[in-house]
Every structure is written in C-alpha cells, then in structure tokens.
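# Residue-level structure breakdown
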Amino acid sequence: MTTLWLIIQREFVSNVLTSRFMIGFIVCLISTAAAVFVQVADYEKRLSAYHTALQEHQEDIRTWDTYRQINPKAHRKPNPLSIFNVGTEKSGADMVSIRLAVPIWEQQAQKQGSDNPFLSIFLAIDVIFVFKIVLSALAILFAYNTISGEREDGTLKLVLSNPVPRDVLVLGKYLGGMLSLFPIVGTSFTVGIVIAYASPATDFDVGDLLHLVIVLLVSLLYVSICYLLGLLLSVWTRTAATTLILAMFIWGILTIIHANVATFAVTKFPPYKPQPEREVLQQIGEIWEDFREERDAHILKEFGYKHPIHAIITKGEMSLYMDTRTAGGIGFEEIYTPKPIHKMNTSKYQEILGYQEPFRIDYANKAEELLKRRENISERNRQLARNVSRISFSDTYRFAVGAITGTDREGYNGFIGQARSYKRQVVDYLTSKDAFSERAWFSSDKGKAEFTDLPVFRHQHNTLSEGLSRAAGDIFILFAWNIILFMGAYVSFLRYDMS
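The structure contained in this document is the topic of the report that follows. (Residues numbered from 1 in each chain as written. Predicted model: local features only at pLDDT ≥ 70, side-chain atom pairs only at ≥ 80, totals over all residues. Heavy atoms only, no water.)

Quick look at the environment of Val 456 now. One can find Val 456 in the loop between α13 (409-432) and α14 (464-494). Judged by relative accessible area, Val 456 falls into the partly exposed class, the value being 46%. Distance from Val 456 to Arg 10, taken between C-alpha atoms, is 61 Å for residues 446 residues apart in sequence. (Helix = DSSP H or I, 4+ residues; strand = E, 2+ residues; numbered from the N terminus. Buried < 20%, exposed > 50% of the residue type's maximum accessible area, 1.4 Å probe, protein only.)

Next up on the list: the state of the cysteines. Scanning all chains against the criterion turns up 0 disulfides. We note that Cys 28 lacks a disulfide partner, and the nearest cysteine sulfur, in Cys 226, lies 12 Å from it. What makes Cys 28 buried here is its relative accessible area of 0%. Cys 226 gets classed as buried once you look at its relative accessible area, which sits at 1%. (Disulfide = S-S within 2.5 Å.)

This paragraph deals with the side chain of Ser 389. Within the secondary structure, Ser 389 sits in helix α11 (residues 347-389). In this structure Ser 389 comes out as buried when scored by relative accessible area, which is 2%.

Before going further, it helps to examine the environment of Asp 296. If you trace the backbone, Asp 296 turns up in helix α10 (residues 277-303). Put simply, Asp 296 and Trp 481 are 185 residues apart on the chain and 64 Å apart in space, counted from C-alpha to C-alpha.

So, about the packing of helix α7 (residues 166-198) against helix α8 (residues 206-236). Each pair of packed helices gets described by two things: the angle between the helix axes and the distance between those axes. Interaxial distance between α7 and α8 falls to 10 Å at its minimum, and their mutual angle equals 145°. In the packing of α7 onto α8, the handedness of the crossing is right-handed. Across the interface between the two elements, Val 170, Lys 173, Tyr 174, Gly 177, Met 178, Leu 181, Phe 182, Val 185, Phe 189 and Ile 193 of α7 pack against Leu 209, Leu 212, Val 215, Leu 216, Leu 220, Val 223, Ser 224, Tyr 227, Leu 228 and Leu 231 of α8. Taken together, the residues that form the contact of α7 with α8 break down as 17 nonpolar, 2 polar and 1 charged. (Axes fitted to C-alpha atoms, helices over the stretch in contact; angles between N-to-C directions. Left-handed = near helix turned anticlockwise from the far one by under 90°. Contact = heavy atoms within 4.5 Å. Nonpolar A, V, L, I, M, F, W, Y, C, P; charged D, E, K, R; others polar.)

Time to look at the packing of aromatic side chains. Applying the stated rule across the entire model yields 23 aromatic pairs. Taking 5.9 Å as the distance between ring centres and 50° as the angle between the ring planes, the aromatic pair formed by Phe 131 and Phe 189 counts as tilted. In this pair, Phe 131 is assigned in helix α4 (residues 127-143) and Phe 189 in helix α7, connecting sequence segments 58 residues apart. Its relative accessible area of 2% is what places Phe 189 among the buried residues. Ring geometry for Phe 393 and Trp 481: centres 5.5 Å apart, planes at 75°, overall edge-to-face. Residue Phe 393 is found in helix α12 (residues 393-405), and its partner Trp 481 is found in helix α14; the two are separated by 88 residues along the sequence. Given a relative accessible area of 25%, Trp 481 falls into the partly exposed group. (Phe/Tyr/Trp six-rings, centres within 6.5 Å; stacked < 30°, edge-to-face > 60°.)

At a closest axis distance of 7 Å, the pairing of helix α9 (residues 240-268) and α12 adopts a crossing angle of 75°. In this view, α9 runs roughly perpendicular relative to α12, as classed from their interaxial angle. Across the interface between the two elements, Leu 254, Thr 255, His 258 and Ala 259 from α9 touch Phe 393, Ser 394, Asp 395 and Arg 398 from α12. Considering only residue class, the contact of α9 with α12 consists of 3 nonpolar, 3 polar and 2 charged. (Parallel < 35°, antiparallel > 145°, perpendicular 65-115°, else oblique.)

Geometric descriptors of this kind do not, in isolation, establish any biological role.
Below, the structure written as structure tokens:
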C-alpha cells in the first residue's frame, strides 16, 4: 500500500507541476465560466419569454365569451439544467395550441426564439460541450507519455529495476493521473454552479443540485475513459510522439466525427420508412369525410334533420354565416354564426351539438393516431442513430447527461405527451360541464361561458429517478469502457517488453 501511495503522489506531483496542468486548468475554467455566463443569459431570456407567454394566454382567456372559442395552450417551461447541457432544449416547440377538433402534431407546435443558425451554434456551447472536448483532450495529454515517455527517457527502466510490482505501478499511475485531473473537473464544475446559482432566475432546488452532482460523477467517468485510452496507447506504442498522434486521431474520430456521420447516414438512408406526409394528410382528409357522412346520417336518423344548422328554429328573418375549413390540413371545423341569435330557438341545435362535438373529438383522435404512427417511425430512426453513436464513449456521455438533466429527445417527447394529456383534461372538463350542449357553446347572449376552473397546464420536468432510469444503460456503457480500457492497459503492461 505504501508503494502504491508513493506512485500516486509521484504521478500527481509530476502532473500538477507541469505547464499543461496550469494551461489546462485555466482554459477549462475560463471556457466553463464563459459557457455558463452565455447559457444563463439565454435561460433568463427564455424564462422571461415563457412568463410573458403565460400572461398573454391568461389575457387571451379573458376575451373568450363562448366555449367554442376555447383554445388553451401548453407552454414548455425552460429547464434550468439546460444551462449545463442544452440538448434539445432549443430545437423543439415551446408551445402547443390545444384545439379540440385538431390533432396535436409536433409540426403544428410553435417555436419561440431566434432562428439565426450562427447564433444557435454559439448558444449550443455549454458546460458538457466544454467537458466533452476540452477535458477529454486534456486527459489524453496527461496520459499519453505516462509509459512511452518514461520509456524514452529511461525513467521506466529505472523504476522497474526496483521491487515495484507492475500491477501496482499501472494502478498508481492511473489513480495519480485521475487525482490530478479531479481539481480541474471539480473546480470548473463548481464555478459553473456558483455562476448559475447567482442568477435570480435559476432558483435551483435540492433536486436540481442532485441532478448536477450525478452529472459531475458521470463526467468523471468520461474523463477516466479518456485518460485510460491515453494510458493504453502509451503502453502499446514505443514513443510518446506516436502515442499522442494516435490518441488524438482516435479522439477526433470518436468525439467529433463519429456522431455526425452516424446521424447523417441514418437520416440519408433511414432503415424505417415513414409514410409520406402527403399520404398521411390524404388519409386524414378521408377520416373527416367519414365524420361528415356518419354525423349527417346519425342526425337525420335520430333528429330528423339533414344538417345541424337546420335544427335552429327562428322567428322572422335569419342570416347565417357558415365557415367549413380544415385546420392545417389535419383538423376539421364548421363554424356557424346565426343572426339575430336572440330571436332563435336553439334547443334542438344544442341537443345535436351535445352529440356532434364529442363525436368530432373522437375523429380528431383517430387523425392524431395516424400522425403519432408517423412520428413513432421517425423516432425509431432517431433512436437507431443514437444507438450507432453509442459506439463512441463521447456520445454515450452526452446521452447519459441528456437523460439525467431531462434535455434529451425523450424529455422533449415527454412535453408533447403532457400536452396530449392536457387536451384530454380539457375535454373532460367540458364534458363535466355539459358545455357542448350549452347555449354558451356558440353564443353569449344569455351569459358568457365561465373559464375560472379551466385546467391549467403545468409542464413537469423529469425527476432524478426518471432521469437515472433512462441514463442507466449509458452509465453502464461508460463503466464498461472504463473496465475494458483499464484491463487492457493492465494486462498489456504486465506483458510489457522493455527491450
């Protein structure tokens, strides 16, 4: 144990006293601080826009006079953890408009913020990006001459001439190297948390801090992999220069190139072919034709009218404006504006609406199933691209952090799923009030519709347990990489030939 500790101390001191330690420390610290400053400022803007949108929506609700005007909105609340890992936080929709006769479709959702591609690239640089690039390269720079460098200057031969077991030596070099990297990782991450916490907009709670602690531990796993890669190559090669060239070549492929190539390949040649959008919209059009036919046949049979509007009984002249339209090609609405409404007996019409509107919502759900089926196929392609990307431990690290912070694709899909659940709550709310058959559905001449108890959408980010559950596979892969690379370096060094 004494020998191991001496090796750890020697490796730690030799790393800390080098210029690369100070340069790496400063570069990582400044890069992390700058990334957090930028992301905090962007988060504050997004949070302000979110609160403004909520306020505007509340003001919009006050203008509703009838139940037919109901158009709640589901707003995506900015995730404070996106300050450290942007993920898909800025690439998805920020708002979903809930219209009863319109299926919720991701492409119909609205995105707020800048569409400037250059600004988007700049704002995508976060703490995890810095760790993924800067820290991984720094870990390799710490490890590349651990064995091959000492072999060149004769230090290794001198050390092995003493009664120092090779297994203790390689373990001590690994622990000493990681111990010298820990201050850089820990300090940079802590400074990032302090800068983020200083903003009054962030308001981190205990759960958020626990998320960040787990992210720090996963980051150490990733840095360990990069160090072990350099250590393994240092054992396999004869000179430090060869080690460095080979290590940086592998680092560049796994860190920068691999994920982009995998995503491009799956996007260009998707193994799962989604149904063309034009065909889906055509099928949805057929669904609405079926709705009209079935609706009209039921009304004629049950009520004796060929069309709902014929059920309005009027005294004197009546003018009628009817707007039949499709919403974005996927929804179907018929808007009737009979005048003068105060002279009309609408009891039969209300009875028919009590049947028609829930029936229309059922058909909207059928149309939504077609859209979801297409989205699911596209999601399978994205999942395949992620699985291929997991060959690189760099991308595995990114996926693990995205799952923990809730800024991955699944986190965004969760928002869309919550919006769909909210739509069902709104439908249940209207059903409980018998709103579809109320006169207030289409007219406020006898009193405005009340929306004081309208369900409010509250976007819930994933909990720590949910994040860990999603990240478990990626964390296991990172552990496996550590074990494989360490065992490779360990076994190779036991067989190392000094001649």
